[in-house]
Amino acid sequence: MTMAELSALNEQFALHDQLVFREGPGGLGICEITNGHAVASVALQGAQLLSWIPRGEQPVIWLSRDARFEVGRSIRGGVPVCWPWFGPHATQPSFPAHGFVRTVPWRVCETKILEDGATFVAFRVTRTDTTDVFWPHTVELELAVKVGVTLEFDLVTRNTGSESITIGEALHSYFSVGDVRHIAVEGLEGCVYIDKLDSGKRKQQSGPVVFDAETDRIYLDASAECLINDPRMQRRIRIVKSGSRSTVVWNPWVDKAERMGDMGENGYLNMVCVESANAADDVVTIAPGDEHHLRVSYRLESLAGKRAP
Ligand code: TA6
């Protein structure tokens, strides 16, 4: 992003000392947010939140130490936006995994300071010749982000065309944890999930999700709130969502992490993905003129005084 583009963005959308646009690694434009509740940063490429640190806390969102910041390449960590499909494309193996919007530039459409002192910023991706290669539909995609005591997203798909569209999507959120071997994800008990590591077999979750190997699951008809219990960090992360019927849980573990090459040394031990999605059976069909909202809110809570296992 050029200095002139950054200056124009700051001219139109900067918020005093709360929100400013700077050039980040790899020349990517970064929106930096600082308020009384938290600090955060969002890459304009993919409207990808990279960090969220509530005041006085350790980071809640994980970003790989070896993340590569390059135009057109997804950044490892943060909250990548997967849209308009989740995972590999159903019929075009050459199309990018998780859709194309996480590696294209989004434009800023609104910034404001909210009454509670939180910061609001909204981004849109517009149709271009590039996007038409993957998705020749007249659709508006917007991501609204609220940074405060909670971190909130609203991913809006507006069907402004004349045909129904069917989308898969996810907020592919990477969370920081003390040690993935000592956390538990609650809220998915009894749900059926697709086990991507066991030929896509459908299984039923018994008890909280715990981690002792590579884990890659799409929980179906899973609309409930989830908790990431992290006794090592004496905290839990509460995930409350709407407009999302799938929850994806993923940790690459050691071998896949090494193959990926951008997870950082033993990075897999300090992250877990709990993704609010609409995937597999839960893809969403949007009629002409309608819109769909995938909303999620993250809140950090203390476990102080509770014993670590
Ligand atoms: O959400 C889990 C997953 O689908 C895994 O299978 C793994 O591929 C992960 O997403 C990361 O995908 P990426 O394309 O960002 O490397």
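**Structural notes on the sheet that holds strand β4 (residues 48–54)**
- Read from one edge to the other, the open sheet built from four strands follows the order β1-β2-β3-β4, with strand pairing classed as antiparallel. In this open sheet, the two edge strands, each paired with only one partner strand, are β1 (19–23) and β4. Going from strand to strand, the sheet's axes swing by 20° on average, the running direction of each strand aside.
- Pairing of strand β2 (residues 29–34) with strand β3 (residues 38–43), which is carried by five bridges, proceeds in the antiparallel orientation.

**Section: the nonpolar core**
- If you look at the biggest cluster of nonpolar residues, it comprises 78 residues, and the most contacted ones within it are Leu49, Trp52, Trp106, Phe153, Phe175 and Ile228.
- If you look at the next biggest cluster of nonpolar residues, it comprises nine residues, including Cys82, Ala170, Ile194 and Leu220.

**Comments concerning the site of the ligand**
- In the vicinity of the ligand, the contacting residues are Arg76, Phe86, His98, Arg102, His172, Lys196, Asp216, Val248, Trp250, Lys256 and Glu275.
- In this structure, Arg76 approaches the ligand through a side-chain N or O atom, which is 3.0 Å from an oxygen atom.
- Between the ligand and the protein, one listed contact pairs an oxygen atom with a side-chain N or O atom of Glu275 at 2.9 Å.
- For the shell around the ligand, the residue count by class is three nonpolar, two polar and six charged.

**Let's talk about the pattern of salt bridges**
- Summed over the entire model, instances satisfying the criterion amount to 25 salt bridges.
- Among the salt bridges present, the one from Arg76 reaches Asp262, with a minimum N-O distance of 3.0 Å. Highlighted residues: Arg76 in the loop between β4 and β5 (81–82) and Asp262 in the loop between α3 (253–260) and β20 (271–278), separated in sequence by 186 residues.
- With its nearest N and O atoms 2.6 Å apart, the salt bridge here joins Arg238 to Glu301. Taken as a pair, Arg238 in strand β18 (residues 235–242) and Glu301 in strand β22 (residues 291–302) lie far apart in primary sequence, 63 residues in all.
- You can call Glu301 buried: its relative accessible area is 17%.
- If you follow the salt bridges from partner to partner, you end up with Arg124, Glu140, Glu142, Arg158 and Glu291 in one network.

**With respect to helix α1 (residues 3–13)**
- Looking at α1, one finds that the buried residues are Leu6, Leu9 and Phe13. Taken down its axis, α1 places every buried residue within 60° of arc, on the same side. Residues of α1 that are exposed and angled more than 90 degrees away from the buried face: Met3, Ala4, Glu11 and Gln12.
- Turning to α1, the residues buried within the fold contact β1, β2 and β6 (107–113).

**Things to note about the packing of aromatic side chains**
- Within this structure, the stated rule accounts for twelve aromatic pairs.
- Between Phe100 and Phe134, the ring centres sit 5.5 Å apart and the planes meet at 20°, which makes this aromatic pair stacked. Taken together, the residues span a long stretch of sequence, with Phe100 in the loop between β5 and β6 and Phe134 in helix α2 (residues 129–134) at a distance of 34 residues.
- Clustering of aromatic rings is evident, with ring pairs tying together Trp83, Trp85, Phe95, Phe100, Phe134 and Trp135.
- Its guanidinium or amino end placed over the ring of Phe120, Lys112 lies 4.9 Å from that ring's centre, counting from NZ or CZ.

**Focus: the side chain of Gln205**
- Positionally, Gln205 belongs in the loop between β15 (201–204) and β16 (215–219).
- For Gln205, a relative accessible area of 7% translates into the label buried.
- Looking at Gln205, its side chain comes within polar contact range of the side chain of Arg217, at 3.1 Å.
- Polar side-chain contacts of Gln205 include one of 2.6 Å to the side chain of Tyr219.

**Brief notes about the sheet that holds β18**
- Pairing is antiparallel across the open sheet formed by eight strands, whose spatial order is β6-β7-β8-β9-β22-β18-β17-β13. Looking at which strands have only one partner, the edges of the open sheet turn out to be β6 and β13 (184–186). The average angle at which neighbouring strand axes cross in this sheet is 15°, direction not considered.

**Considering the side chain of Lys241**
- Mapped onto the fold, Lys241 is located in strand β18.
- Although buried, Lys241 forms no salt bridge, and the nearest oppositely charged side chain, Asp282, lies 7.5 Å from it.
- At 2.9 Å, the side chain of Lys241 forms a polar contact with the side chain of Ser244.
- When neighbours within four sequence positions are excluded, Lys241 is seen to be in contact with Ala222, Ser223, Ala224, Ser246, Thr247, Ser276, Arg295 and Val296.

Scoring rules and cut-offs
Residues numbered from 1 in each chain as written. Predicted model: local features only at pLDDT ≥ 70, side-chain atom pairs only at ≥ 80, totals over all residues. Heavy atoms only, no water. Pairing = 2+ DSSP bridges. Helix = DSSP H or I, 4+ residues; strand = E, 2+ residues; numbered from the N terminus. Axes fitted to C-alpha atoms, helices over the stretch in contact; angles between N-to-C directions. Core = buried A, V, L, I, M, F, W, Y, C linked by side-chain atoms within 4.5 Å. Buried < 20%, exposed > 50% of the residue type's maximum accessible area, 1.4 Å probe, protein only. Near = heavy atom within 4 Å. Polar contact = N/O pair within 3.5 Å; in protein donor to acceptor, adjacent residues only side chain to side chain. Nonpolar A, V, L, I, M, F, W, Y, C, P; charged D, E, K, R; others polar. Salt bridge = Lys/Arg side-chain N within 4 Å of Asp/Glu carboxyl O. Arc of directions from axis to C-beta. Contact = heavy atoms within 4.5 Å. Phe/Tyr/Trp six-rings, centres within 6.5 Å; stacked < 30°, edge-to-face > 60°. Lys NZ or Arg CZ within 6 Å of the ring centre and 35° of its normal. Lys, Arg positive; Asp, Glu negative; His and termini not counted.

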